Amino acid sequence: MGDSTMSKETKKKEKTQTIPDLNSVPFFGRQILIALRNRGRINPESIDEYIAHDGYQALAKGLTKLKPTDIVEQIKQSSLRGRGGGGFDTGRKWASAAKATGEPKYVICNADEGDPGAYMDRSIIEADPHSVIEGMALCGRAIGSTVGYVYIRAEYPLARKILGHALEQARAYGLLGENILDSDFSFDIFIKQGAGAFVCGESSALRASIEGNVGEPTPKYDHATEKGLWKKPTVLNNVESFANVPPIILKGAQWFSAMGTEHSKGTKVFSLVGKIVNTGLIEVLMGTTLRDIIFEIGGGIPDGKAFKAVQTGGPSGGCIPESLLDMSVDFEELSKAGSMMGSGGMIVMDEDTCMVNVAKYFIEFCNSESCGKCISCRDGSEAMLEILTRISEGKGKEEDITLLEELSNAIKEASLCGLGTSLPNPVLSTLRYFKEEYQEHIVHKRCPAGVCKALITFTVLEKNCTKCGVCFKNCPYEAITWKKKEIAVINQNQCKKCGICYEVCKFKAIERK
Amino acid sequence: MAALSIKDLTAIAKKTKESMQISAQGPHTKITVHMGTCGIAAGAQKVMDSFKEVLEIVDKKDVILTYSGCAGLCSNEPMVTIERYGEKPIKYINITPKIAREIMKQHVQKGNPLKEYIIAKGYENIV
Ligand SMILES: Cc1cc2nc3c(=O)[nH]c(=O)nc-3n(C[C@H](O)[C@H](O)[C@H](O)COP(=O)(O)O)c2cc1C
Ligand code: FES
């Protein structure tokens, strides 16, 4: 037997040789992990394994080698910007809270994550809860706080369980509690369950909810870093923001700020969803292009369809068209394109997506999530929804586009919180890049993507029809006439436009127009 | 448990690294089932159970069976990583309990990776 002469080593090599290296598979190879550094390689319920991967070394350094002001200075110099939406300078926030007077001070971690399609924060907590705990403790040390809260979405039972378990383990090891690591620093963290509304993720609403009040936004007369939770100095940061802190403290601000673009340092985690081959959670350097994210890491659009747009920034974000695929993904560029970074949701849309319908979906979402306090946000979104509905039903008027633009600007101006001021973005960005599609709906009463039911008809293309009768057999509304050896006919007044015939016909003999 | 000192932290790190270490003599293989919410929704618990079942029968001493959070590629969950002593960790995708049993038999026990279910081998870029 030939292979008995092969050495054991060569045999072993052969067996794994043809398996590609992780780095040559774009989904993994193009990613750089900081916030997700421990994903897939530690047991999230074992504090020992976190410790074995440099865990709590940053806190140890922060308690022995650095003064609280040094920690603030490191975060400032790293140029870390908040990963929860606005991209606010984290170091400035910490510095302000550190300087503020008032006891006690609070550290809050925002794990509300209400954006449709986004699950970055859930995944970080589920994979590596101690990275968030350590980041919060370092913040506590830096600003002089002794108590922290994690405000976590009620719909995340596994994340909450894992976080609760991690907090217990940290307490058992004295990594939370009194005199942490033999120092004079005491700090503990408690879980607050979210109230279930999207708006509760907004800073003032979140604080109100923790205080036991209705989770509604309030006008911001004070800086939360000076008068935040219970009117005490407070730092609120996102889960991913905190997860970035331990490596920055351990490896130094320069290590971090060497990565990324001029004004957006480090990496960003995105949840890549929608019409994309590789759905998943990715972390890439700031400045990576949208094209690389969607076509390299994401593997492109499934079923040979064409890319149409990518929505970033959640309900407050915008839709970016194909012409901008080579733009760099960072805070500035995304805003310039009329979208935003947001917390990292990235929804990819293919040619079968109707942009009017997308705008309608997000306005509907914000309309139902508006706290209702301010007229502009509550009634403004209602009015926009009416217009968009009418356009999608073929009843739009020429002046509707101007009306949508005016309403958008008014809502941006007059709303109380970030939900209101950003809710027009999906409309404005689709108007900016896909105006013809609105016009098609309004002027020609057509939905080019074939989505808006009132505007489409299904007909049989006689030249393709093989007279097989599959459409007839599958139509749930008995709207198709067919006999053996005869071409099928769709009776338009009975057709409910469910599209089943279109799906089941293997011969492309059903036209959707 | 008494509160830790910084020295204890280093000791725990060392001890844990050793106990999770695979070696020529000790456990030679580490199986990690990726069990975030997404993985569990795709059936990772059943995959975990089937590894456990097989380990009841074969020699448990040779294998470390553990779990982690999401490995990232949610559309191809459940995912499993197999690391044998002296080889790079290998990532499997779209695993069912049946494939898990096959992995145990072929890859873990005999060292023959099942290429058709493997996406890649090696480590992620952690900076
Ligand atoms: C309507 C609305 C919802 C928000 N939801 C979240 C959320 O789920 N998670 C989050 O971290 N930030 C959310 N934010 C942003 C927060 O108000 C706040 O800016 C952020 O938590 C600060 O943390 P960072 O600086 O680390 O980003 C939301 C803002 C608005 C206006
Ligand atoms: S909910 Fe904040 S402006 Fe409407």
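Within any chain, residue numbers begin from 1 and follow the written order of that chain's sequence. Just so you know, chain letters begin at A and ligand numbers begin at 1, following the order they were written in. Owing to the predicted nature of the model, reporting of local features is limited to residues with pLDDT of at least 70; listing and counting of side-chain atom pairs is limited to 80 or more, with chain, interface and lining totals taken over all residues. Note that the side-chain values use all heavy atoms of the structure and ignore hydrogens as well as water.

**Considerations on the overall build of chain B**
The way it works is that DSSP assigns letters per residue, a run of H or I at least four long becomes a helix, a run of E at least two long becomes a strand, and they are numbered from the N terminus. Each helix and strand counted, chain B has four helices and five strands in total. Reading the secondary structure of chain B in the N-to-C direction produces α-β-α-α-β-β-β-α-β. Taking the principal axes of its C-alpha atoms as reference, chain B extends roughly 45 × 30 × 30 Å. Accessibility here uses a 1.4 Å probe with only protein chains present; expressed as a share of the type maximum, an area under 20% marks a residue as buried, one over 50% as exposed, and anything in between as partly exposed. A burial count over chain B gives 54% of its 127 residues as buried. Accessibility throughout is a Shrake-Rupley quantity obtained with a 1.4 Å probe, and a residue counts as covered only by protein chains that appear here. Approximately 6,000 Å² of chain B is accessible, and the part contributed by carbon and sulfur atoms is 54%. Asp and Glu count as negative and Lys and Arg as positive, but His and the ends of the chain are not part of the count. For this purpose, a charge sits on NZ of Lys, CZ of Arg, CG of Asp or CD of Glu. Here chain B holds 18 positive side-chain charges and 13 negative ones, and the gap between their average locations is 2 Å.

**Structural notes on the pattern of salt bridges**
A pair is scored as a salt bridge if a Lys or Arg side-chain nitrogen falls within 4 Å of a carboxyl oxygen belonging to Asp or Glu. Applying the stated criterion across every chain yields a total of 24 salt bridges over all chains. The partner of Lys 395 of chain A in a salt bridge is Glu 393 of chain A, with the nearest N and O atoms 3.3 Å apart. Among the salt bridges present, the one from Glu 18 of chain B reaches Lys 14 of chain B, with a minimum N-O distance of 3.7 Å. You can see Glu 18 of chain B and its partner Lys 14 of chain B sitting in helix H1 (residues 6–20), four residues apart, about one turn around the helix. Residue classification places Glu 18 of chain B among the partly exposed positions, given a relative accessible area of 48%. Owing to a relative accessible area of 57%, Lys 14 of chain B belongs among the exposed residues under this scheme. The network of salt bridges with common partners includes Arg 83, Glu 240 and Lys 268 of chain A.

**Let's talk about the environment of Met 120 of chain A**
Residues and elements named next belong to chain A. Examined against the element boundaries, Met 120 turns out to sit in helix H7 (residues 120–127). Note: C-alpha distance between Met 120 and Ser 271 (151 residues apart in sequence) is 6.0 Å. Discounting chain neighbours no more than four positions away, the residues touching Met 120 are Glu 113, Val 269, Phe 270, Ser 271, Leu 281, Ser 343, Gly 344 and Gly 345. Contacts: residue pairs with any heavy atoms within 4.5 Å of one another.

**Comments concerning the nonpolar core**
For our purposes a nonpolar core is just a set of buried Ala, Val, Leu, Ile, Met, Phe, Trp, Tyr and Cys residues, chained together by side-chain atoms within 4.5 Å. Core analysis: the largest hydrophobic core is formed by 114 residues, its most contacted members being Tyr 56, Trp 94 and Leu 175 of chain A. The element contributing the most residues to this core is helix H8 (residues 129–143) of chain A, with eight residues.

**Thoughts on the site of ligand 1**
Residue and element names in this part refer to chain A. Near residues are defined by distance, with any heavy atom within 4 Å of the molecule or strand qualifying the residue. Near ligand 1 there are 19 residues, and of these Gly 84, Glu 113, Asn 237, Asn 238 and Ser 241 occur at the shortest range. Each polar contact in these results corresponds to two N or O atoms within 3.5 Å; when the atoms are within protein, one needs to be able to donate a hydrogen and the other to accept it, and residues that are neighboring in sequence are counted only if both atoms are side-chain atoms. Here Arg 83 contributes a backbone N or O atom positioned 3.4 Å from an oxygen atom of ligand 1. A distance of 2.8 Å separates an oxygen atom of ligand 1 from a polar side-chain atom of Asn 238. Surface burial for ligand 1 is 87%, taken as the share of its 610 Å² of free accessible area covered by protein chains. Mapped onto the shell around ligand 1, the elements with two or more residues apiece are strand S4 (234–238) and helix H18 (418–422). Here the shell around ligand 1 takes three residues from S4, the largest share from any one element. Charged residues are taken to be Asp, Glu, Lys and Arg, nonpolar residues to be Ala, Val, Leu, Ile, Met, Phe, Trp, Tyr, Cys and Pro, and polar residues to be all remaining types, Gly included. Grouping the constituent residues of the shell around ligand 1 by class yields three nonpolar, eleven polar and five charged.

**Observations concerning the pairing of S4 of chain A**
Residue and element names in this part refer to chain A. Across the five residues of S4, five count as buried, placing the element largely inside the fold. Neither face of S4 is open: one carries Thr 234, Leu 236 and Asn 238, the other Val 235 and Asn 237, and all of them are buried. A strand pair is defined by DSSP finding two or more bridges across the two strands. The sheet contact formed by strand S1 (residues 106–111) and S4 spans five bridges and is parallel. Across the sheet, Tyr 106 pairs through a bridge with Thr 234, a residue of S4.

**Observations concerning the domain arrangement of chain A**
When cut into domains, chain A gives domain 1 (23–257), domain 2 (267–350), domain 3 (355–443) and domain 4 (457–512). Look at where the C-alpha atoms of domain 1 of chain A and domain 4 of chain A centre, and you get two points 56 Å apart. In this entry, domain limits derive from an automatic or database-based domain assignment.

**Comments concerning the layout of surface pockets**
Computed from the structure, the second largest pocket encloses a volume of approximately 620 Å³. As for the second largest pocket, its lining consists of 26 residues, and the residues nearest its centre are Arg 41 and His 53 of chain A together with Lys 30, Glu 83 and Tyr 123 of chain B. At the level of elements, helix H3 (47–52) of chain A together with H1, strand S1 (29–34), strand S2 (63–68) and strand S3 (80–84) of chain B are the ones that each hand at least two residues to the lining of the second largest pocket. Residue composition of the lining of the second largest pocket, by class: eight nonpolar, ten polar and eight charged. Here a cavity denotes grid points, spaced 1 Å and computed from the protein atoms alone, that fit a 1.4 Å probe unable to get out, and a pocket denotes an open set having protein on both sides within 12 Å along at least 5 of 7 lines; residues with an atom within 4 Å of a point are the lining. Grid points are joined across faces, edges and corners, and a volume is the space filled by probe spheres set on the points.

**Points about the packing of aromatic side chains**
Residue and element names in this part refer to chain A. Pairing of aromatic side chains here covers Phe, Tyr and the six-membered ring of Trp, requires ring centres within 6.5 Å, and sorts the geometry by plane angle: under 30 degrees stacked, over 60 edge-to-face, intermediate tilted. Going through the model one piece at a time under the given rule, you end up with 13 aromatic pairs over all chains. Both rings, one in Trp 255 and one in Phe 256, keep their centres 6.2 Å apart while their planes meet at 50 degrees; by these two values the pair is tilted. Consider the rings of Phe 472 and Trp 482, whose centres lie 5.5 Å apart with planes at 40 degrees: the pair is tilted. One end of the pair, Phe 472, is in helix H21 (residues 470–474); the other, Trp 482, is in the loop between strand S11 (480–481) and strand S12 (489–490), and ten residues separate them in sequence. Residue classification places Trp 482 among the buried residues on the basis of a relative accessible area of 16%. Joined through ring pairs, the aromatic side chains of Tyr 106, Tyr 149, Phe 190 and Trp 230 make up one cluster. Note that Arg 122 overlies the ring of Tyr 156, its terminal NZ or CZ placed 5.9 Å from the centroid. Sitting over a ring, as applied to charges here, requires NZ of Lys or CZ of Arg to be within 6 Å of the ring centre and within 35 degrees of the ring normal.

**Notes on the environment of Gly 396 of chain A**
Residues and elements named next belong to chain A. Structurally, the position occupied by Gly 396 is in the loop between helix H16 (375–392) and helix H17 (400–414). Spatially, the C-alpha atoms of Gly 396 and Pro 247 are 53 Å apart, while their sequence positions differ by 149 residues. Residue contacts for Gly 396: discarding those within four places in its chain leaves Arg 390, Ile 391, Ile 442 and Lys 445.

**A look at the packing of helix H4 (residues 57–64) of chain A against helix H11 (residues 239–251) of chain A**
Residue and element names in this part refer to chain A. Orientation of H4 relative to H11, taken along the N-to-C sense of each, is 55 degrees, at an axis distance of 8 Å. Between H4 and H11, the interaxial angle falls into the category oblique. Crossing geometry of H4 relative to H11 is assigned as left-handed. Across the interface between the two elements, Gln 57, Ala 58 and Lys 61 of H4 pack against Pro 246, Ile 249 and Leu 250 of H11. Across the contact of H4 with H11, the residue classes break down as four nonpolar, one polar and one charged. For helices, the axis comes from a line fit to the C-alpha atoms of the stretch in contact; other axes are also lines fit to C-alpha atoms, and the angle between any two N-to-C directions lies between 0 and 180 degrees. Oblique is the label for every angle not falling under 35 degrees (roughly parallel), over 145 degrees (roughly antiparallel), or within 65 to 115 degrees (roughly perpendicular). By convention the crossing between two helices is left-handed if the near helix lies anticlockwise of the far one by an angle smaller than a right angle, and right-handed if it lies clockwise.

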